[in-house]
4 protein chains.
Amino acid sequence: MVDREIRVGIIGATGYGGGELVRLLSRHPRAKVVGLQSRGRDGEPIAASQPHLAATGLAIADDLPDRLDAVFLGLPHGVAAELVPGLVERGVTAIDLGPDFRLHDPADYPRWYGFEHPRADLLERAVYGLPELHRSELAALRDASVRIVASPGCYATAAILALAPLARAGLLDDVVIDAKSGVSGAGREAKPELQFSEVNESVRAYAVGGHRHVAEIEQELLALGGGSLAPGGSLAPVDFVPHLIPMTRGILATCHIRPPREVSQAELDELYAEAYGGEPFVESSTVPPATKHVLGSNAFRFHVRLDARTGRVLVLGVLDNLVKGAAGQAIQAFNVAFGLPETAGLEQLPLAP
Amino acid sequence: MVDREIRVGIIGATGYGGGELVRLLSRHPRAKVVGLQSRGRDGEPIAASQPHLAATGLAIADDLPDRLDAVFLGLPHGVAAELVPGLVERGVTAIDLGPDFRLHDPADYPRWYGFEHPRADLLERAVYGLPELHRSELAALRDASVRIVASPGCYATAAILALAPLARAGLLDDVVIDAKSGVSGAGREAKPELQFSEVNESVRAYAVGGHRHVAEIEQELLALGGGSLAPGGSLAPVDFVPHLIPMTRGILATCHIRPPREVSQAELDELYAEAYGGEPFVESSTVPPATKHVLGSNAFRFHVRLDARTGRVLVLGVLDNLVKGAAGQAIQAFNVAFGLPETAGLEQLPLAP
Amino acid sequence: MVDREIRVGIIGATGYGGGELVRLLSRHPRAKVVGLQSRGRDGEPIAASQPHLAATGLAIADDLPDRLDAVFLGLPHGVAAELVPGLVERGVTAIDLGPDFRLHDPADYPRWYGFEHPRADLLERAVYGLPELHRSELAALRDASVRIVASPGCYATAAILALAPLARAGLLDDVVIDAKSGVSGAGREAKPELQFSEVNESVRAYAVGGHRHVAEIEQELLALGGGSLAPGGSLAPVDFVPHLIPMTRGILATCHIRPPREVSQAELDELYAEAYGGEPFVESSTVPPATKHVLGSNAFRFHVRLDARTGRVLVLGVLDNLVKGAAGQAIQAFNVAFGLPETAGLEQLPLAP
Amino acid sequence: MVDREIRVGIIGATGYGGGELVRLLSRHPRAKVVGLQSRGRDGEPIAASQPHLAATGLAIADDLPDRLDAVFLGLPHGVAAELVPGLVERGVTAIDLGPDFRLHDPADYPRWYGFEHPRADLLERAVYGLPELHRSELAALRDASVRIVASPGCYATAAILALAPLARAGLLDDVVIDAKSGVSGAGREAKPELQFSEVNESVRAYAVGGHRHVAEIEQELLALGGGSLAPGGSLAPVDFVPHLIPMTRGILATCHIRPPREVSQAELDELYAEAYGGEPFVESSTVPPATKHVLGSNAFRFHVRLDARTGRVLVLGVLDNLVKGAAGQAIQAFNVAFGLPETAGLEQLPLAP
């Protein structure tokens with residue numbers, strides 16, 4: 001990778017994830033935002049839809065420029081599946097913040113997302129863009145002919161990072177992931193149930209019939225555990241229940257695990273230290289972490305604890321759903337894929353209080 | 001019970017639970033608030049500490065009047081244990097919103113609350129004031145010589161009501177209760193971690209080492225299940241993790257259960273209909289309930305659902321922690337104990353949005 | 001008025017104002033809700049749109065019953081103007097929560113609301129339903145052939161009650177009303193700018209070009225002042241700027257006045273005591289009142305203060321925009337118009353914290 | 001100024017302003033944080049009090065290192081007045097975020113802050129650190145023997161920037177500043193009235209008897225207007241009323257002005273364009289700005305509008321009280337005082353939603 005600026009475009013720049021991409025990439029030391037796309041807004045300054053980004057002076061255009069190194073896509077599911085093939089054929093690195101390339105098994109798309117994947121052949125070539133688990137695959141994209149980064153879902157990032165060390169150690173069993181998310185995770189489209197007056201001073205579970213992120217959580221945990229996750233030789237289905245919290249940003253994944261054998265706190269601490277000791281964006285916490293303490297940053301912060309009374313293991317993981325759970329993580333993967341320092345453009349500290 | 005007014009006093013009237021007692025009892029059709037007590041505030045109008053209650057015209061006094069039928073106590077743990085004996089000896093019905101008489105086993109007090117109970121002899125005479133489970137015992141207080149209602153904890157109310165039908169049916173196993181509470185549950189004392197700027201836009205778990213309400217949850221569930229709750233003949237310790245939500249009121253108990261045998265949705269529906277069909281304050285919901293939809297009312301609303309994919313049962317229960325989780329429930333028990341209509345003074349509908 | 005139940009219907013029952021009407025009227029000691037109407041929802045239980053009102057068991061119907069004493073209307077402007085004439089011709093008392101009958105001058109409708117009023121003849125027969133100012137006119141409706149109550153706007157209620165004593169005393173000059181409102185005042189329709197993620201952690205002014213409530217504020221203040229409000233013999237236009245606050249309910253009107261002559265705090269106190277001493281829903285506060293302290297109740301609470309340094313008068317007034325600013329006030333006027341105790345059905349104390 | 005790192009210390013690092021100083025200065029391209037001080041916390045990692053800043057690895061010490069170029073002070077009023085003299089005598093540039101050096105007239109300290117200033121001689125040598133008004137004085141500090149930057153108050157920054165162009169043009173009269181602030185402005189000390197449950201879902205005015213920031217607002221506006229601000233040749237006292245908003249960060253100053261002569265929108269636009277055209281942190285907005293759109297950034301955003309109906313001018317100004325209203329502005333002034341690019345370390349875009 002030569003030391004020149006990397007020309008990036010953003011498709012879906014007017015959504016919440018898109019806004020974060022603009023915020024972070026427009027201050028990235030090596031990336032240059034050369035195009036923003038969003039349907040039906042040709043010529044509109046970004047400030048019209050993202051007033052906080054007025055200072056960038058950027059504007060939407062119907063078409064991205066021809067010369068592009070990478071394109072970030074923040075689109076409803078099913079749309080990126082149509083656009084990405086054309087991009088990668090032009091040699092552009094596609095970094096998709098949606099789910100269209102996250103699942104390896106084509107059968108999962110009709111099952112979880114309700115559409116037949118038009119390019120099932122590309123699914124095995126896409127890299128699940130969680131650098132903490134797939135760093136070398138991301139780095140190998142530089143030499144690949146097809147370059148697709150499937151950036152993980154926000155809940156999936158929190159859950160997988162919280163549980164990966166246990167999965168690798170064969171300690172995952174009877175997994176309950178009780179997740180809490182701020183409202184921005186639901187996207188920007190106006191919906192009656194997301195109006196302030198409905199969300200404020202209230203909490204509720206949703207998607208109790210099975211949230212789509214379960215598919216990628218199980219895929220990744222199973223891969224880590226080599227089929228030995230549960231007594232029966234396979235990962236029992238994960239019990240995942242998300243909740244809507246009256247806040248804008250943040251995810252807390254509360255993971256309740258009953259390990260298949262006795263473990264000690266020291267063993268847990270060692271497993272996590274080993275897994276995450278050198279990770280630039282993973283932080284251990286001696287107390288239950290608050291989402292506020294990672295707000296606006298690319299950090300994932302966790303707390304792992306053996307409950308001596310119940311014999312269960314509790315793992316708490318927090319992140320900012322729009323940063324480590326979306327735009328920030330996509331940029332982290334982009335950095336790896338382009339051979340840049342992994343933290344480039346992501347050094348901001350969290351904003352608190 | 002003759003049809004006269006019932007003279008009630010409130011000790012601890014300046015706290016949040018105390019405020020709710022004043023709000024509800026001052027509009028109760030049969031109760032008359034004849035005294036408010038709160039340390040060091042003799043003569044102070046209630047409006048000084050509870051500005052919203054100015055219209056009651058009530059004031060604090062150092063001493064309650066001699067003639068009293070019932071006293072409600074909202075006090076830190078350990079304090080009511082000292083006061084209640086004197087009250088009941090005078091023939092007053094004591095309704096304690098704190099934990100001092102909830103646990104039957106005296107050994108639980110040093111273990112969970114850090115104090116030796118000074119009157120262990122009274123523990124077995126106190127009635128756990130959850131009318132849905134102990135209605136007849138509450139009614140029998142009228143003829144008892146010692147009349148103590150131990151009003152349940154807010155989390156405990158939500159968890160026990162959510163799980164009681166399963167406990168009775170021997171279907172409780174592998175219980176994870178992931179609970180979410182508004183901040184008012186932490187009481188009114190100023191604490192740095194409860195300042196607005198710390199709580200707002202944030203969510204976190206707390207008391208992960210074991211919240212005190214676990215003791216009463218296990219006590220009540222075990223009693224319901226007759227010792228057959230788990231394969232081994234006893235209730236496995238409940239995994240209970242509470243969370244602080246950026247809202248003032250409301251509790252959501254998300255209960256994840258792996259039943260010891262296969263169950264159907266129809267069986268679950270029937271169990272809950274049977275348990276709660278005639279209950280004035282228990283409402284079934286076909287969708288995951290929001291805490292906002294019971295705000296300010298004495299309702300407990302639940303949703304029970306079999307997850308066919310995982311074989312687990314999910315029970316979601318919501319209530320207002322200061323009403324059904326505190327003052328409202330105490331009044332409900334008071335109504336039963338005094339032979340009044342159970343809903344007297346508690347007919348208000350929830351306040352939404 | 002005989003001592004029988006009063007049969008009331010509610011049109012627009014699925015909105016926020018409509019929900020409050022159902023909440024309060026379904027517990028009103030004399031009113032009986034006999035019909036709920038809302039376009040396109042025939043047969044739907046009220047719980048479908050107002051989950052918190054499930055316990056009422058009420059349902060929507062396309063048509064209201066024939067036998068009705070009063071109808072409350074919560075509709076977009078321009079719609080009630082079409083419906084009310086038919087109702088009053090049938091002898092029904094119409095209580096309109098919208099603006100269609102608030103302004104006496106027909107020319108104000110095209111100017112402020114953009115429509116020609118279809119029944120300008122009825123405007124002078126409608127009573128502006130602020131009982132504190134128009135109690136006797138409301139009471140006189142019982143003997144009137146046309147019975148229309150034009151229930152005041154939420155901002156207007158706060159501003160007029162805050163300023164009426166000064167207007168009467170000829171002390172209003174140079175009026176700046178800087179108002180703050182919770183989001184529920186904007187109604188229930190889903191709008192992008194009212195999504196939680198947009199409103200939360202933010203404050204902004206809106207309608208800076210002239211909010212419609214200015215019309216009724218000026219109309220009522222001018223009427224009180226008999227044309228002598230300002231040095232020039234007329235009321236100078238009121239400078240009214242509303243703001244959106246990240247909360248659901250509540251209005252605070254901060255009124256900055258430069259009185260045309262010197263006044264003392266004692267004179268101010270006396271003016272307000274005289275105006276509001278006997279009012280059941282108006283409360284004086286010795287400190288700046290918080291909206292939270294009237295939440296859910298029909299109270300208006302104010303604080304009046306001379307700023308000795310600037311010579312200006314500050315009046316702060318708070319209310320719950322959906323109760324005293326909408327449904328509660330409409331019921332208060334209904335009580336007066338039907339000869340009931342003015343506080344019937346409105347005795348609930350505020351809900352705090 | 002040579003191109004070396006500038007060694008800075010922070011006194012009061014555990015407060016909210018202090019946290020922001022650490023957040024921004026630890027990522028500043030030229031400053032190096034060499035010491036953090038906070039009473040009674042010697043040796044404590046910054047993460048103990050500021051969990052979001054764990055990644056800095058910094059720790060508190062009782063003493064700052066000897067070699068220091070600049071010290072930022074975030075302290076209660078009266079404390080910096082004692083510390084700053086010693087610092088400046090050692091040749092250190094003192095940047096005080098508190099009020100102790102903001103007012104030029106020593107008599108203002110007993111009047112507004114209740115203490116006699118111990119070093120009144122230094123008041124005239126301190127520079128009021130609003131770079132948009134005092135840039136050249138700040139730049140001149142490099143050659144001064146006494147170097148004190150008195151960083152403006154949060155409300156004062158918003159109000160002065162909103163009104164300066166009008167003040168200069170002699171258009172300020174009858175000034176009402178109705179200000180709204182998030183809770184973090186009240187500091188970090190635990191107070192009952194700032195607990196989440198008290199602030200949430202509520203709005204109220206406070207300090208209605210005269211907020212201390214009035215002193216600096218009047219000082220600066222008067223200086224700009226050269227004594228001709230009002231018809232009588234002096235600035236009439238400003239009517240300033242602050243409000244507490246249920247949000248953590250952000251200030252909106254709503255300024256209502258009645259200009260002493262007729263003005264046009266075009267004239268207003270021109271005045272503001274002239275004043276702020278080249279300012280890196282001042283942004284004009286064509287719509288009423290929301291505090292959320294400057295959150296976390298050093299931007300001040302304004303909207304100026306003639307209300308043709310009333311003849312009044314409305315100026316709305318928003319900023320983040322902890323950034324442009326505190327730490328960010330202090331760093332901006334530091335940049336100017338040390339001859340660095342004014343935007344160094346302050347390029348972050350706002351965080352929204």
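Residues numbered from 1 in each chain as written. Chains lettered and ligands numbered in written order. Predicted model: local features only at pLDDT ≥ 70, side-chain atom pairs only at ≥ 80, totals over all residues.

Asker: Just to check I follow, could you spell out helix α7 (residues 154-168) of chain D for this structure?
Answerer: An α-helix turns once per 3.6 residues; consequently, residues spaced three or four apart project the same way. All names here are of chain D. Between its first and last C-alpha, α7 extends 21 Å over 15 residues, near the 21 Å set by a 1.5 Å rise per residue. Along α7, the helix axis deviates most sharply at A162, where the bend reaches about 35°; the proline P165 sits within four residues downstream. Among the 15 residues of α7, 14 are classified as buried, and the element is accordingly described as predominantly covered. With its phi angle positive at about 70°, G170 sits one or two positions after the end of α7. (Helix = DSSP H or I, 4+ residues; strand = E, 2+ residues; numbered from the N terminus. Expected span 1.5 Å × (residues − 1). Bend = angle between axes of the 7 residues up to and from the residue. Buried ≥ 20, exposed ≤ 12 C-beta atoms within 10 Å, placed from the backbone.)

Asker: What's the story with the pairing of strand β2 (residues 31-37) of chain B in this structure? I'm lost.
Answerer: Residues and elements named next belong to chain B. For β2, the tally of buried residues reaches 5 of 7 residues, placing the bulk of the element in the interior. Two elements, strand β1 (residues 6-11) and β2, share 6 bridges in a ladder whose sense is parallel. Bridge pairing links R7 to K32 in β2. Crossover connection from β1 via helix α1 (residues 16-25) to parallel β2: handedness right-handed. (Pairing = 2+ DSSP bridges. Right-handed = clockwise from strand over helix to strand, strands pointing away.)

Asker: Teacher, can you tell me more about the interface of chain B and chain A here?
Answerer: A common way to state how big an interface is: give the accessible area lost once the parts meet. Taken together, the contact between chain B and chain A spans 40 residues of the former and 40 residues of the latter. Of all elements in the fold, only β7 (176-181), α8 (196-199), β8 (204-205), β9 (239-244), β10 (251-257), β12 (300-307) and β13 (312-319) of chain B reach the threshold of two or more residues within the side of chain B that touches chain A. (Contact = placed C-beta atoms within 7 Å.)

Asker: How should the relation of the copies chain D and chain C be read in this particular structure?
Answerer: In this arrangement, two copies of a chain are superimposed by a rotation about an axis accompanied by a shift along the axis. Between chain D and chain C, which share one sequence, the superposing operator has a rotation angle of 180° and an axial displacement of 0.0 Å; the RMSD is 0.0 Å. Seen this way, the second copy is the image of the first under a two-fold rotation axis. Closest approach to the rotation axis within chain D is made by the C-alpha atom of D:P246, at a distance of 3.2 Å. Looking at the interface residues of chain D, 100% of them are also at the interface in chain C, so both copies use one shared face. (Least-squares fit on C-alpha atoms with pLDDT ≥ 70 in both.)

Asker: What exactly am I supposed to notice about the pairing of strand β3 (residues 70-73) of chain A here?
Answerer: The side chains of a regular strand alternate, first on one face of the sheet and then on the other. All names here are of chain A. By the alternation rule, side chains of β3 split into A70 and F72 and V71 and L73, which are all buried. Of the strand pairs in this sheet, strand β1 (residues 6-11) and β3 are connected by 4 bridges, and their pairing is parallel. Opposite G9, over in β3, you have V71 as the bridge partner. Pairing analysis gives 4 bridges linking β3 to strand β4 (residues 93-96), with the strands arranged parallel. Its bridge partner lying in β4, A70 is registered against T93. Running through helix α3 (residues 80-89), the crossover from β3 to the neighbouring parallel element β4 is right-handed.

Asker: Explain the domain arrangement of chain A to me, please; I cannot follow it from the model alone.
Answerer: All names here are of chain A. When its domains are assigned, chain A resolves into domain 1 (6-151 + 326-337) and domain 2 (154-319). Computed over C-alpha atoms only, the centres of domain 1 and domain 2 are separated by 25 Å. Opposite the 17 residues of domain 1 that make contact, domain 2 presents 17 residues. For the side of domain 1 that touches domain 2, the secondary structure elements donating two or more residues are α4 (108-113), α6 (131-140) and α11 (327-337). A breakdown of the residues in the side of domain 1 that touches domain 2 according to their chemical character gives 9 nonpolar, 5 polar and 3 charged. (Domains from an automatic or database assignment. Nonpolar A, V, L, I, M, F, W, Y, C, P; charged D, E, K, R; others polar.)

Asker: Could you clarify how one ought to interpret the nonpolar core in this entry?
Answerer: Nonpolar side chains in soluble globular proteins tend to be buried together. Counting 468 residues, the largest nonpolar core has A:A159, B:A159, C:A159, D:A159 and D:L163 as the members making the most contacts within it. Setting aside residues no more than four positions away along its own chain, B:A159 makes contact with B:I177, B:A179, B:I217, B:A253 and B:C255. (Core = buried A, V, L, I, M, F, W, Y, C linked by C-beta atoms within 7 Å.)

Asker: I tried to follow the sheet that holds strand β2 (residues 31-37) of chain D on my own but got confused; where do I start?
Answerer: Picture the strands of a sheet paired through backbone hydrogen bonds; they go either parallel or antiparallel. All names here are of chain D. The strand order across the open sheet built from 6 strands is β2-β1-β3-β4-β6-β5, with neighbouring strands paired in parallel fashion. Every other strand in the sheet has two partners, leaving β2 and β5 (127-128) as the edge strands with one partner each. Packing of helix α11 (residues 323-337) onto the sheet brings it into contact with β3 (70-73), β4 (93-96) and β6 (148-150), and relative to β4 it is tilted by some 155°. (Axes fitted to C-alpha atoms, helices over the stretch in contact; angles between N-to-C directions.)

Asker: Hey, could you run me through the relation of the copies chain B and chain A in this one?
Answerer: Structural alignment of chain B on chain A gives an RMSD of 0.0 Å, achieved by rotating through 180° and translating 0.0 Å along the axis. When the interface residues of chain B are mapped onto chain A, 100% of them again lie at the interface, so the same face is used by both copies.

Asker: Got a minute to help me understand the environment of A:D173 in this structure?
Answerer: With respect to the helices and strands, A:D173 occurs in the loop between α7 (154-168) and β7 (176-181). A count of 18 C-beta atoms within 10 Å places A:D173 in the partly exposed class.

Asker: Would you mind showing me how to read the environment of C:Y206 here?
Answerer: Positionally, C:Y206 belongs in the loop between β8 (204-205) and α9 (213-225). For the pair C:Y206 and C:Y128, spaced 78 residues apart in the sequence, the C-alpha separation amounts to 26 Å. With sequence-adjacent residues up to four places away left out, C:Y206 is seen in contact with C:P242, C:L244 and D:P288.

Asker: Would you mind showing me how to read the packing of α7(D) against helix α9 (residues 213-225) of chain D here?
Answerer: All names here are of chain D. Interaxial distance between α7 and α9 falls to 9 Å at its minimum, and their mutual angle equals 20°. When the interaxial angle is binned, α7 and α9 end up roughly parallel. You can see that α7 and α9 cross each other, and the crossing is right-handed. Residue-level inspection shows Y155, A156, A159, I160, L163, A164, A167 and R168 of α7 in contact with α9, the latter providing H213, E216, I217, E220, L221, L224 and G225. Looking at side-chain class alone, the contact of α7 with α9 contains 10 nonpolar, 2 polar and 3 charged residues. (Parallel < 35°, antiparallel > 145°, perpendicular 65-115°, else oblique. Left-handed = near helix turned anticlockwise from the far one by under 90°.)

Asker: Please clarify how the sheet that holds strand β11 (residues 282-284) of chain B should be interpreted in this entry.
Answerer: Residue and element names in this part refer to chain B. The 7 strands lie next to each other as β8-β9-β7-β10-β13-β12-β11, forming an open sheet whose pairing is mixed. Lying at the two open borders of the sheet, with one neighbouring strand each, are β8 and β11. Note that β11 and β12 share 3 bridges and pair parallel. In the strand pairing of β12, S284 is matched with F302.

Asker: Would you take a moment to explain the interface of chain D and chain C for this structure?
Answerer: On the side of chain C, 40 residues touch chain D, which itself brings 40 residues to the contact. Of all the secondary-structure elements, those providing two or more residues to the side of chain D that touches chain C are β7 (176-181), α8 (196-199), β8 (204-205), β9 (239-244), β10 (251-257), β12 (300-307) and β13 (312-319) of chain D. For the side of chain D that touches chain C, the residue count by class is 18 nonpolar, 10 polar and 12 charged.

Asker: Is there a simple way to think about the confidence of the model for chain A in this case?
Answerer: Keep in mind that low pLDDT regions are not for reading the predicted coordinates in detail. The share of residues in chain A with pLDDT of 70 or more is 96%, and the mean pLDDT across the chain is 95. Scored as a complex, the prediction yields pTM 0.97 and ipTM 0.95. (pLDDT = per-residue confidence, 0-100.)

Asker: Would you mind showing me how to read the environment of D:G311 here?
Answerer: All names here are of chain D. Tracing the chain through its elements places G311 in the loop between β12 and β13. G311 gets classed as partly exposed once you count the C-beta atoms within 10 Å, which come to 14. On a C-alpha basis, the gap between G311 and E262 in space is 7.4 Å, while along the polypeptide they are 49 residues apart.

Asker: Before we go on, may I ask you to explain the packing of α7(D) against α11(D) in this structure?
Answerer: For any two helices packed against each other, one specifies the crossing angle of their axes together with the interaxial distance. Residue and element names in this part refer to chain D. Axis separation between α7 and α11 bottoms out at 8 Å; the angle between their running directions is 100°. Between α7 and α11, the crossing angle belongs to the class labelled roughly perpendicular. In this structure, α7 contributes C154, T157 and A158 to the contact, and α11 contributes K324, G325, A326 and Q329. For the contact of α7 with α11, the per-class residue count stands at 3 nonpolar, 3 polar and 1 charged.

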